[in-house]
Amino acid sequence: MTRHDGDGAGAERTFAALPPARGRGFAATWWGRAWLTALEGTALDSGQLKAGRRLARAGAVGAVLVRPGRITAVVQDRDGTAHRADVLLQELSGEQWDRFLSMAVERAGHVAALLDREMPTHLVEDAELAGVELLPGLGDLEPECDCGVWDHCGHTAALCYQVARLLDQDPFVLLLMRGRGERDLLEALQTHGDGPHGRPGAGDAEGVDAAEAYAAGDILPSLPAAPALPGAPGVAPSLDTEAEPAAGVDPPALEFLTARTAARARLLLAEALREGHEHHPVEPEPTVARDAVRLAAGEPGRAVADRLAEGSGRGREGLAVAVRAWRHGGAAALDVLDEEWTVRGEDLARARAALGSAWAEDERPVLRSRANRWTAVAAPVQLRLDRDGRWWPYRKERGRWLPAGGPAQDPATALASAERASGE
């Protein structure tokens, strides 16, 4: 990499061509991914994006010239034809740079992070509060290419994918595109503050008295309103990289996992927004075996289902039964499926009273009991009692007891559910 980092519009940096990126992503940092989001959310032709990824992965992007408002590189097609590709990004105005510098010198961590080649989220958020957009948004990356395509073509897309790798290594690349080179920026910070690390001057107060801060706690602004529940879970990103995955990476399994995570996140948000949620106990973290059942309930493909069956320790048939239980009642239904416990004392007295009052005497079925399970003598149905006093219906198929419905407080209702299921 060569560097020509002067002041103002004359600043520029040239990065040597990067090696092919086979089997790896183009952005590892959050700001690199934000750069690609600006590209992928704007391009109208997904085919051109795929072509750009192929070219970038193959190492077809030459040296990248970065200067205020523009990045440039020569990109070669598969047939060897070379095209000059440019991507333009609006520079920050002088007033915006002044606001950014004033904000940065007030927080020593911001400049220290940049010097460590990092761009923390709070730096970007504080800049936005100052009216300065550092990262590009949708439509901010304007393409120019001599191939004649008016929108992003494969060549400008390849350049953007390559620049994402450069941004991972050095966020000053983005700041240069916005109009200030590294040396110029650090000198400006020196002018605005008491050094590039933004230390306060001798006359500045350092911090706030703890007693004063505590006393002001009751006059702080109220928390913002909770976010609205989205209409559907978020869409998982595509893993179509058109390259062989790295060893140990299973793209279909990863795509399924991200989709189920999005669905689970929406469910948790819906529960959190429900009135009285703060009074509900926090559920314990699930075990790996139990979470495998939850994931299997999301109907994965055969290969993923086989992995979950092995990971759960249940095998394929056992996992199918566990998934049926999960769909009837989640973790509580799994406990009833797996756990056999002896009913004693008050629990046993309440269970006998419920069974005695559930039917008229001449209609009461004959039930044989063992532990927390009552099995009908004349039919392949069973009741299972959970530790909260609820009755769960089961039916027998091919010599195996299977969940037949959700729980009920009344044993007659639960048994009727099992009998209906047996008749289906």
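Preceding block: the structure.
From a predicted model like this one, the values you see are computed outputs, not experimental measurements.

Procedures and definitions
Just so you know, the residues in each chain are numbered from 1, in the order the chain's sequence is written. For this predicted model, a pLDDT threshold of at least 70 governs which residues receive local features, and a threshold of 80 or more governs which side-chain atom pairs are given and counted, while totals over whole chains, interfaces and linings are taken from all residues. Calculation of side-chain values draws on the structure's entire complement of heavy atoms; hydrogens and water are dropped beforehand. Helix numbering and strand numbering both begin at the N terminus, where a helix is a DSSP run of H or I of at least 4 residues and a strand a DSSP run of E of at least 2. Categorising residues by exposure relies on relative accessible area from a 1.4 Å probe, with only protein chains included: less than 20% of the type maximum marks a residue as buried, more than 50% marks it as exposed, and the intermediate range marks it as partly exposed. Any two strands with at least two DSSP bridges between them are considered paired. Without a salt bridge and with relative accessible area above 30%, a residue can belong to a patch; like charges are then joined within 9 Å and nonpolar side chains (Val, Leu, Ile, Met, Phe, Trp, Tyr) within 5 Å. To be clear on the numbers: accessible area is Shrake-Rupley with a 1.4 Å probe, and residue cover counts the displayed protein chains and nothing else. What makes a salt bridge here is a side-chain nitrogen of Lys or Arg within 4 Å of a carboxyl oxygen of Asp or Glu, nothing more. Residues scored as charged are limited to Lys and Arg (positive) and Asp and Glu (negative), so that His and the chain ends carry no count. Think of each charge as sitting on NZ of Lys, CZ of Arg, CG of Asp or CD of Glu.

Visitor: Help me understand the environment of Asp-291 in this model?
Guide: By secondary structure assignment, the location of Asp-291 is in helix 11 (residues 288–296). Asp-291 sits 20 residues away from Gly-311 along the chain, and the two C-alpha atoms are 9.7 Å apart.

Visitor: For this particular structure, what's the right way to read the pairing of strand 9 (residues 381–385)?
Guide: In summary, the side chains of a regular strand alternate between the two faces of the sheet. Of all the 5 residues making up strand 9, 5 are buried; the element is thus mostly covered by neighbouring parts of the structure. The alternating pattern of strand 9 places Val-381, Leu-383 and Leu-385 and Gln-382 and Arg-384 on opposite faces, both of which are buried. Strand direction decides the pairing type here: strand 8 (residues 373–376) and strand 9, joined by 3 bridges, are antiparallel. Its bridge partner lying in strand 9, Arg-373 is registered against Arg-384. Where strand 8 folds back onto strand 9 in an antiparallel hairpin, the turn is made up of 4 residues. Both strand 9 and strand 10 (residues 391–397) contribute to a ladder of 5 bridges, which runs antiparallel. When the bridges of strand 10 are listed, Leu-383 appears paired with Pro-393. Hairpin connection between strand 9 and strand 10: a loop of 5 residues separates the two successive antiparallel strands, and Gly-389 in this loop has a positive phi of roughly 85 degrees.

Visitor: Quick question: what am I supposed to make of a negative patch on the surface here?
Guide: Together, Glu-125, Glu-128, Glu-133 and Asp-140 make up a region of like negative charge exposed at the surface. The topology assignment puts Glu-125 in helix 5 (residues 121–129). Judged by relative accessible area, Glu-125 falls into the partly exposed class, the value being 45%.

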